[in-house]
Amino acid sequence: MLQIIDGKAISAQIKDEVKKQVEKCKADGRSVCLAVVQVGDDPASSIYVRNKKKACEYTGIESVSCQLPGDAAQEELLQLVDRLNRDPEVNGILVQFPLPPQIDEDAVIRAISPEKDVDGFHPENVGKLCVGEEGLISCTPAGVMEMLKRSGISVEGKECVVVGRSNHVGKPMGLLLLQENGTVTFAHSRTKDLREITKKADILVAAMGKPRFITSEYVKEGAVVIDIGIHRSPDNKLCGDVDFEDVKDKAAAITPVPGGVGLMTVAMLMSNCVKAAMKQEV
Ligand code: GUN
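Residues numbered from 1 in each chain as written. Predicted model: local features only at pLDDT ≥ 70, side-chain atom pairs only at ≥ 80, totals over all residues. Heavy atoms only, no water.

All residues in the neighbourhood of the ligand are listed as Lys 52, Leu 94, Val 95, Gln 96, Phe 97, Asp 119 and Phe 121. Contact distances for the ligand include 3.1 Å between a nitrogen atom and a side-chain N or O atom of Gln 96. Between the ligand and Phe 97, the relevant distance is 2.8 Å, taken from a nitrogen atom to a main-chain nitrogen or oxygen of the residue. Relative to its unbound accessible area of 270 Å², the ligand is 76% covered by the protein chains. Split into classes, the residues belonging to the shell around the ligand amount to four nonpolar, one polar and two charged. (Near = heavy atom within 4 Å. Polar contact = N/O pair within 3.5 Å; in protein donor to acceptor, adjacent residues only side chain to side chain. Areas by Shrake-Rupley, 256 points an atom, 1.4 Å probe, with all protein chains shown as cover. Nonpolar A, V, L, I, M, F, W, Y, C, P; charged D, E, K, R; others polar.)

Here you go:
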């Protein structure tokens with residue numbers, strides 16, 4: 001029987017847990033506040049930002065919106081980040097990506113105080129993840145780990161293949177699976193015989209950003225298939241990096257798109273905000 005890993009239910013559960021934690025913080029006289037920074041008005045980014053603010057409302061996290069024009073200079077954004085870093089009322093800072101071409105995303109990531117880096121993108125937080133120290137972890141891979149855990153899927157001793165090696169998703173994903181004692185392989189655009197590698201996976205994570213790329217030929221019978229991609233197909237439907245219809249009869253468990261990993265990213269962002277706020281209080 002195919003297990004469809006329900007991102008909607010799991011993310012709702014996490015947001016409810018966060019809501020309780022925020023209530024407890026408030027009862028102790030502390031609030032939790034996220035600053036959401038958007039540069040320009042890219043429509044896709046506006047939707048993401050709106051969803052993040054909605055999740056803040058639901059969980060009781062205060063959100064402060066900071067909007068800069070699309071032609072803002074890098075220095076202007078860095079000054080804003082600096083102001084938010086020093087603002088004791090702000091616990092988390094999220095700068096929505098992608099940024100316009102005149103701004104160096106890496107410089108912005110490094111400018112955010114690691115204690116307020118709720119995206120978990122700062123090299124200090126990535127380094128902590130690498131050496132197994134507690135820090136803020138990138139939301140999408142952290143969300144995948146919660147999906148596995150809450151679906152009763154153990155990583156221990158499993159062959160895990162992560163296709164994609166981005167700093168924000170693929171690399172932290174592999175590190176988290178390794179932390180749970182998976183045997184991890186990173187595959188990427190230069191990998192030879194990709195199919196031979198993915199077919200060995202007990203847990204296959206598709207994070208390469210190619211619509212419906214992973215077909216049943218890439219999947220071992222009975223594998224757990226996690227789809228991190230999100231694309232709009234020519235017929236205007238949302239789809240992932242996995243060809244769901246083709247893979248569903250071969251996999252033992254799969255995350256759908258929509259309704260899978262995407263919802264987890266926002267839930268884990270909320271969770272990171274509370275984590276950051278609690279750490280800052282100590
Ligand atoms: N743009 C798309 N996904 C993300 C994300 O997780 N964080 C940020 N900051 N920008 C994004």
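Okay, back to it.
This part covers the pairing of strand β5 (residues 159-163). Burial analysis of β5 places four of its five residues in the buried class, the great majority of the element. Where β5 meets strand β6 (residues 183-187), five bridges bridge the pair, whose relative direction is parallel. Note on β6: the bridge partner recorded for Cys 160 is Val 184. The β-α-β motif built from β5, the intervening helix α7 (residues 170-179) and the parallel element β6 has right-handed crossover chirality. The pairing of β5 with strand β7 (residues 203-206) spans four bridges and is classified as parallel. Its bridge partner lying in β7, Val 163 is registered against Ala 206. (Buried < 20%, exposed > 50% of the residue type's maximum accessible area, 1.4 Å probe, protein only. Helix = DSSP H or I, 4+ residues; strand = E, 2+ residues; numbered from the N terminus. Pairing = 2+ DSSP bridges. Right-handed = clockwise from strand over helix to strand, strands pointing away.)

In this section: the sheet that holds strand β8 (residues 224-227). The pairing of strands in a sheet happens through backbone hydrogen bonds and is either parallel or antiparallel. Sheet architecture is open: six strands sit in the order β1-β11-β8-β7-β5-β6, paired in parallel fashion. Taken across any chain shown, the strands that pair with only one partner, and hence form the sheet edges, are β1 (3-4) and β6.

This next bit is on the pairing of β7. Going residue by residue along β7, you find Ile 203 and Val 205 tucked away on one face and Leu 204 and Ala 206 tucked away on the opposite face as well. In the sheet, β7 pairs with β8 via four bridges, with the strands oriented parallel. Each bridged residue has a counterpart across the sheet, and for Ile 203 the counterpart in β8 is Val 224.

Okay, the packing of aromatic side chains next. For the coordinates displayed, the defined rule picks out two aromatic pairs. Relative to Phe 121, the ring of Phe 97 lies with its centre 6.1 Å away and its plane at 20°, an arrangement referred to as stacked. Here Phe 97, found in the loop between β4 (92-95) and α4 (105-111), pairs with Phe 121, found in the loop between α4 and α5 (123-131); they are 24 residues apart in sequence, far enough to count as distant. Judged by its relative accessible area of 17%, Phe 97 is buried. (Phe/Tyr/Trp six-rings, centres within 6.5 Å; stacked < 30°, edge-to-face > 60°.)

With that settled, the discussion passes to the packing of helix α1 (residues 7-27) against helix α6 (residues 139-150). Here α1 crosses α6 at 105°, and the two axes come no closer than 10 Å. The angle between α1 and α6 places the two elements in the roughly perpendicular class. Counted together, Gly 7, Ile 10, Gln 13, Ile 14 and Glu 17 of α1 and Glu 146, Met 147 and Arg 150 of α6 form the full contact between these two elements. Taken together, the residues of the contact of α1 with α6 sort by class into three nonpolar, two polar and three charged. (Axes fitted to C-alpha atoms, helices over the stretch in contact; angles between N-to-C directions. Parallel < 35°, antiparallel > 145°, perpendicular 65-115°, else oblique. Contact = heavy atoms within 4.5 Å.)

Here the focus is the nonpolar core. Across soluble globular proteins, you tend to see nonpolar side chains buried next to one another. Leu 34, Ile 61, Leu 148, Leu 177, Ile 226 and Ile 228 are the most contacted members of the largest nonpolar core, which has 51 residues in total. With 11 residues, the single largest contributor to this core is helix α10 (residues 261-281). Apart from the residues lying within four places of it in its own chain, the contact partners of Ile 61 are Val 18, Val 22, Val 32, Cys 33, Leu 34, Cys 56, Met 270, Cys 273 and Val 274. Among the nonpolar cores identified, the runner-up in size contains 21 residues, and Ala 35, Val 81, Val 90 and Val 95 belong to it. (Core = buried A, V, L, I, M, F, W, Y, C linked by side-chain atoms within 4.5 Å.)

Before going further, it helps to spend a moment on the sheet that holds strand β3 (residues 62-68). Taken in spatial order, the three strands of this open sheet run β3-β2-β4, and their pairing is parallel. Either end of the sheet is taken by a strand with one partner, and the two such strands are β3 and β4. Along the sheet, successive strands turn relative to each other by an average axial angle of 20°, direction set aside. Pairing between strand β2 (residues 33-39) and β3: seven bridges, direction parallel. The residue bridging Val 36 from the neighbouring strand is Ser 65, located in β3.

A word on the pattern of salt bridges. Enumeration over the complete set of coordinates arrives at 12 salt bridges. The salt bridge partner of Arg 30 is Asp 28, with a shortest N-O separation of 3.6 Å. Accessibility expressed as a relative area gives 46% for Asp 28, which makes it partly exposed. A salt bridge links Lys 199 to Glu 196; its shortest N-O distance comes to 3.9 Å. (Salt bridge = Lys/Arg side-chain N within 4 Å of Asp/Glu carboxyl O.)

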